[in-house]
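Residue-level structural notes
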Amino acid sequence: MFPPDFQWGVATSAYQIEGATTEDGRGPSTWDTFCREPGRVRDGHTADVACDHYHRWAEDLDLIAGLGAQAYRFSIAWPRVQPTGSGSANPKGLDFYDRLVDGLAARGVAAVPTLYHWDLPQPLEDEGGWMNRDTAHRFAEYAALVAERLADRVDLWITLNEPMVVMSYGYAFGLYAPGRTLMLDALPTAHHQLLAHGLAATALRAEGAARIGVANHYTPAWPAGDGPEDVTAAVAFDALLNWQFTDPILLGRYPGLGLDLAHVRDGDLEVIAAPIDALGVNYYNPTGVAAPDDDGLPFAIRDLKGFPTTGMGWPVVPDGLHRLLVDLRERYGAALPPVYITESGCSYDESLDDTARIGFLNAHIGAVRAAMNDGIDVRGYYVWSLLDNFEWAEGYHPRFGLVHVDYATQKRTPRASYAWYRDLIAACS
Ligand code: FCB
């Protein structure tokens, strides 16, 4: 079915599971600030406790080992390592991830840390955050501090998680931290994150990092209708939200955005295009796109009709993943490195007997297999997520876990999908 060295894994992120937001010298992040602003997060939920993973990490690693998973993608909280976003490392922050990585090694699970999964140190945001080019340099310094400590035990480094979402939800639409509503003026945040990726890739190599990648969110634009305006809008959407975050890295140039790129300096694209070893693909669903409204964006977003939906209301479109992988190969050819599906999963209700999730995962894994049959080099698949967790602006309402979390007691209970995934891994390994 799958090659025996195919890497089955699970994914989480620091802010969504760790809690302990003021412990051991951790500084505040933009998400801590955002959660405290009225109306930002559903029902005023905060991630102060989340899944209490900071204290229960050993139990959680046992759950990963119990799956027989070969890889664990987690993220490192920048404000734990550098509480103010710059300067020397907070040893206790690094100690936590050191224990985690050792715990993975002891269980025979490869460590796949993401260096930035949206929890920017607040003091950097106070200086402009990703609108400020300096943040890219701060990120490279932080990456070096982490790699100095962990590089000998990390299988694959992921620099950034979904810079597209940071740009759009965080800085353009204000739905995620830091909650800014700059619309198209948020464009420099894309470039500064890409620059951060490139500078960090070089810094990681200098510290002995073995393999480096980035995890991009791809939501392919599907024209809502057959008319030429919808098709043109879909091309614009793809350029701005999908290809903008991959072309500079793999091709050393921006796609045609039709926007002012005055913030791009000579030499930046060479830095951004530093060779990488893996492309991380986070895929949830395509987006229906139609001709623009009058909000200044070159497209309008429409619900895709005719598909079942998850608890988030997202359409279930496994074939979209197959098509995306084919599109990536067609667009990048030999420049496409091995692909890892760094996130794939769904939220449903609380139930333990989650047959809908099993169906979802089975269909998406089938789509990956179909792409591999087409000759695309996919090396791994990581389920989002191991645990129910803090789902950003939706708080604790969505339930994405293979393992149910009772937030009142912190009791973890594996769902039917956990046993199903464990059996699949065993059958494939
Ligand atoms: C992705 C995020 C991840 C999680 C899933 C549902 O966009 O990377 O943290 O919230 O969506």
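My aim in this report is to walk through the structure given alongside it, one point at a time. (Residues numbered from 1 in each chain as written. Predicted model: local features only at pLDDT ≥ 70, side-chain atom pairs only at ≥ 80, totals over all residues. Heavy atoms only, no water.)

**Side note on the overall build of the protein**
How we decide: The secondary structure listing takes helices from DSSP runs of H or I that are at least 4 residues long and strands from runs of E that are at least 2 residues long, numbered from the N terminus. The globule rule used here is 2.2 Å times the number of residues to the 0.38 power, and the radius of gyration it is set against is calculated over C-alpha atoms. Between buried and exposed lies partly exposed: a residue is buried under 20% and exposed over 50% of the maximum accessible area for its type, with that area taken using a 1.4 Å probe on protein chains only. Should any heavy atoms of two residues lie within 4.5 Å, those residues are considered in contact.
Across its full length, the protein holds 15 helices and 13 strands. Over its C-alpha trace the protein gives a radius of gyration of 20 Å, about what one expects of a compact globule, namely 22 Å for 429 residues. When burial is assessed residue by residue, the protein has 61% of its 429 residues classed as buried. Considering only intrachain contacts with a sequence separation of at least 6, the fraction spanning at least 24 residues in the protein is 77%.

**Some remarks on the site of the ligand**
To be explicit about the condition: Any residue with a non-hydrogen atom lying within 4 Å of a molecule or strand is treated as near it. Identification of polar contacts relies on pairs of N or O atoms within 3.5 Å, with a donor-acceptor requirement for protein atoms, meaning one able to donate a hydrogen and the other able to accept it, and with residues adjacent in sequence counted only if both atoms are side-chain atoms. Using a 1.4 Å probe, accessible areas were evaluated by the Shrake-Rupley method; residue-level cover was limited to the displayed protein chains. As a working rule, the residues Ala, Val, Leu, Ile, Met, Phe, Trp, Tyr, Cys and Pro are called nonpolar, Asp, Glu, Lys and Arg charged, and the rest polar, with Gly in that last group.
What surrounds the ligand is the set Q16, H117, W118, N161, E162, H217, Y284, E343, W384, E391, W392 and F400. Side-chain polar atom of E162 to an oxygen atom of the ligand: 2.6 Å apart, as the coordinates give it. In this structure, W392 approaches the ligand through a side-chain N or O atom, which is 2.9 Å from an oxygen atom. Relative to its unbound accessible area of 300 Å², the ligand is 96% covered by the protein chains. By residue class, the composition of the shell around the ligand is five nonpolar, four polar and three charged.

**A short note on the environment of P123**
Structurally, the position occupied by P123 is in helix α6 (residues 122-126). The sequence separation of P123 and T84 amounts to 39 residues, and the corresponding C-alpha distance is 5.6 Å.

**Topic: the environment of W157**
Mapped onto the elements, W157 comes out in strand β4 (residues 157-161). Residue W157 is classed as buried on the basis of its relative accessible area, which comes to 0%. With sequence-adjacent residues up to four places away left out, W157 is seen in contact with P113, L115, V146, A147, L150, A151, L204, A209, R211, I212 and G213.

**Concerning unusual backbone geometry**
A cis amide bond links A177 to the next residue, P178, at an omega of 5°. Omega for the peptide link from W384 to S385 comes to 15°, which places this bond in the cis form. Checked against the element boundaries, S385 lands in the loop between β11 (378-384) and β12 (403-406). Positive phi, normally seen in glycine, also occurs at E162, with a value near 50°. For E162, the position within the fold is in the loop between β4 and α8 (163-172). The buried category is assigned to E162, whose relative accessible area is 4%.

**As for the packing of aromatic side chains**
Any aromatic ring pair is given by two values, namely how distant the centres are and how the planes are angled relative to each other. Definition in use: Any two rings among Phe, Tyr and Trp, with Trp reduced to its six-membered ring, count as a pair given centres within 6.5 Å; such a pair is stacked if its planes are under 30 degrees apart, edge-to-face if over 60, and tilted if neither.
One pass over the full model with this rule turns up 35 aromatic pairs. Taken together, a centroid distance of 6.1 Å and an interplanar angle of 10° make the contact between Y15 and W392 stacked. Note that Y15 is positioned in helix α1 (residues 14-17) and W392 in the loop between β11 and β12, a separation of 377 residues in sequence. One exposure class covers both Y15 and W392, and it is buried. Ring centres 5.0 Å apart and planes at 70° place the aromatic pair F237 and F299 in the edge-to-face group. In this pair, F237 sits in helix α10 (residues 228-242) while F299 sits in the loop between β8 (287-290) and β9 (300-302), placing the two residues 62 residues apart along the sequence.

**Here's the deal with the side chain of D238**
Applied cut-off: Lys and Arg are tallied as positive, Asp and Glu as negative. Neither His nor the chain termini are counted. Counted as salt bridges are all cases of a side-chain nitrogen of Lys or Arg within 4 Å of a carboxyl oxygen of Asp or Glu.
Tracing the chain through its elements places D238 in helix α10. One buried charged residue, D238, remains without a salt bridge, the closest side chain of opposite sign being R331 at 7.5 Å.

**Here's the deal with the sheet that holds strand β6 (residues 221-223)**
Basically, it comes down to this: Strand pairing is assigned whenever DSSP detects at least two bridges linking the two strands. Working convention: axes come from line fits to C-alpha atoms, limited for helices to the stretch in contact. Angles between N-to-C directions cover 0 to 180 degrees.
With mixed pairing, three strands are arranged side by side in an open sheet as β6-β8-β9. Both outer strands of the open sheet, β6 and β9, are each paired with one neighbouring strand and no more. With strand direction ignored, the average angle separating the axes of adjacent strands in the sheet is 50°. Taken together, the three bridges between β8 and β9 define a ladder with antiparallel strand orientation. Bridge assignment links G288 to a residue of β9, and that residue is R302.

**Describing helix α14 (residues 355-373)**
The condition that has to hold: Under the convention used throughout, the expected extent of a helix is 1.5 Å for every residue step, that is, one less than its residue count.
An ideal rise of 1.5 Å per residue puts 27 Å on 19 residues; α14 measures up with 27 Å between its terminal C-alpha atoms. Of the residues making up α14, those classed as buried are R357, I358, F360, L361, H364, I365, A367, V368, A371 and M372. As for α14, its buried residues are in contact with β1 (7-11), β7 (278-283), α13 (318-332), β10 (339-344), β11 and α15 (416-428). Phi turns positive, to about 95°, at G375, one or two residues after α14.

**Points about the pattern of salt bridges**
In this structure the tally under the stated criterion is 26 salt bridges. For D52, the salt bridge identified is with R56, shortest N-O distance 2.9 Å. The exposure class assigned to D52 is buried, which follows from its relative accessible area of 13%. A salt bridge links R205 to D277, with the shortest nitrogen-to-oxygen separation between them at 2.9 Å. Of this pair, R205 sits in helix α9 (residues 187-206) while D277 sits in the loop between α12 (268-272) and β7; the two residues are 72 residues apart in sequence, bridging distant segments of the chain. What makes D277 partly exposed here is its relative accessible area of 25%.

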